[in-house]
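If you want the building blocks of each chain, they are given just below.
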Amino acid sequence: MSEAALTRSQVAAMVDHTLLKPEATAADVTALIDEARSLGVLAVCVSPSMLPIRADGLVTAAVVGFPSGKHHSLVKGAEARLAVDQGATEIDMVIDVGAAVAGDYSAVLADILTVREAMGESAILKVILETAALSDEAIVECCRAAVRAGANFVKTSTGFHPAGGATVEAVELMARTVGPGVGVKASGGIRTTQAALDMIAAGATRLGLSGTGAVLDGLTD
């Protein structure tokens, strides 16, 4: 699908409408769900402590090991399993970014495998790399580890790292590495319609957005 051919509803169908601020309340999550329905997006993405939620007609995603990735793998696995038990059908886990920086890709693989095995095969697993903090080599190797571990998506960023969020270059590299069988989620700092379209053109198959309305307002059906 070419960038020019994308309609508002097509882009909305790729969006995880996201609320991960630590100060978010249950009322905020309810408002998120209502807004997601009005915008016609695919999913809502929330902190696991906000589960269970009532989001009929929407995919429910929860983050794991968020935002640092420095949780023990067994803790990440337990968090993912609990989130699935409480209704999440997609899990966005953060890798141990330090292991990736150090080139310990076996540790990255083991971390992802632990979560995949704990959460089971029924839910979708997205693996957050924090690409702005990684070299191109580390991005490639972490993508390969995610594929080996059975991930369904690789994801650029938490949106909380001081190094930054998604870039077109990172998305292109990730998409080339994983191939068509694994999705690429661009997330972190995508605030305009053009930025979203650029990510999709680069190979993103899912977008993580908090300012979804502003992005979709630049598109028509």
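Residues numbered from 1 in each chain as written. Predicted model: local features only at pLDDT ≥ 70, side-chain atom pairs only at ≥ 80, totals over all residues. Heavy atoms only, no water.

Focus on the pattern of salt bridges
Per the counting criterion, the structure on display carries 14 salt bridges. In this structure, the salt-bridge partner of R206 is E90, at a minimum N-O distance of 2.9 Å. Of this pair, R206 sits in strand 8 (residues 206–209) while E90 sits in strand 4 (residues 90–94); the two residues are 116 residues apart in sequence, bridging distant segments of the chain. Between R116 and E121 there is a salt bridge, with its nearest N and O atoms 3.9 Å apart. Beyond isolated ion pairs, a larger network of salt bridges with shared partners links D16, E90, D92, K126, K155, K185 and R206. (Salt bridge = Lys/Arg side-chain N within 4 Å of Asp/Glu carboxyl O. Helix = DSSP H or I, 4+ residues; strand = E, 2+ residues; numbered from the N terminus.)

Considering the environment of V29
Structurally, the position occupied by V29 is in helix 2 (residues 26–39). Taking C-alpha positions, V29 is 7.7 Å from M50, a pair spaced 21 residues apart along the chain. When near neighbours in sequence (up to four residues on either side) are disregarded, V29 contacts L19, V46, M50 and I53. (Contact = heavy atoms within 4.5 Å.)

A few points about helix 6 (residues 136–148)
With 13 residues, helix 6 should reach 18 Å at 1.5 Å per residue; the first-to-last C-alpha distance of 18 Å fits that figure. All of the buried residues along helix 6 are A138, I139, V140, C142, C143, A145 and A146. Of the surrounding secondary structure, the elements contacted by the buried residues of helix 6 are helix 4 (97–101), helix 5 (105–119), strand 5 (124–128), strand 6 (153–155) and helix 7 (168–178). With its phi angle positive at about 90°, G150 sits one or two positions after the end of helix 6. (Expected span 1.5 Å × (residues − 1). Buried < 20%, exposed > 50% of the residue type's maximum accessible area, 1.4 Å probe, protein only.)

What about the side chain of K76?
Of note, K76 is situated in helix 3 (residues 73–85). Only 2.7 Å separates the side chain of K76 from the side chain of D111, close enough to count as a polar contact. The contacts of K76, once residues within four sequence positions are left out, are V64, G65, G69, H71, M93, V94, I95, D96, D111 and V115. (Polar contact = N/O pair within 3.5 Å; in protein donor to acceptor, adjacent residues only side chain to side chain.)

Concerning the pairing of strand 3 (residues 59–64)
Most of strand 3 is tucked away: 5 of the 6 residues are buried. Sheet topology places strand 2 (residues 43–46) next to strand 3; 4 bridges connect them, and they run parallel. By the bridge assignment, V46 is partnered in strand 3 with A62. Alignment of strand 3 against strand 4, held across 4 bridges, turns out to be parallel. Across the sheet, residue V64 finds its bridge partner in strand 4, namely M93. The β-α-β motif built from strand 3, the intervening helix 3 and the parallel element strand 4 has right-handed crossover chirality. (Pairing = 2+ DSSP bridges. Right-handed = clockwise from strand over helix to strand, strands pointing away.)

Structural notes on the packing of aromatic side chains
Under the criterion given, the structure shown has 1 aromatic pair. Ring geometry for F66 and F160: centres 5.2 Å apart, planes at 85°, overall edge-to-face. Of this pair, F66 sits in the loop between strand 3 and helix 3 while F160 sits in the loop between strand 6 and helix 7; the two residues are 94 residues apart in sequence, bridging distant segments of the chain. Classification of F160 by relative accessible area gives partly exposed; the value is 42%. (Phe/Tyr/Trp six-rings, centres within 6.5 Å; stacked < 30°, edge-to-face > 60°.)

Considerations on the sheet that holds strand 4
Read around the closed barrel, 8 strands run 1-2-3-4-5-6-7-8, paired in parallel fashion. Strand-to-strand twist across the sheet, computed as the mean angle between neighbouring axes with direction ignored, equals 25°. (Axes fitted to C-alpha atoms, helices over the stretch in contact; angles between N-to-C directions.)

Notes on the nonpolar core
Among the nonpolar cores identified, the biggest contains 72 residues, and I91, I95, I112, L125, V127, L129 and L207 are the most heavily contacted of them. Per element, the largest residue contribution to this core is 7 residues, and it comes from helix 6. In this structure, C45, A61, V63 and F66 belong to the second largest nonpolar core, which totals 7 residues. (Core = buried A, V, L, I, M, F, W, Y, C linked by side-chain atoms within 4.5 Å.)

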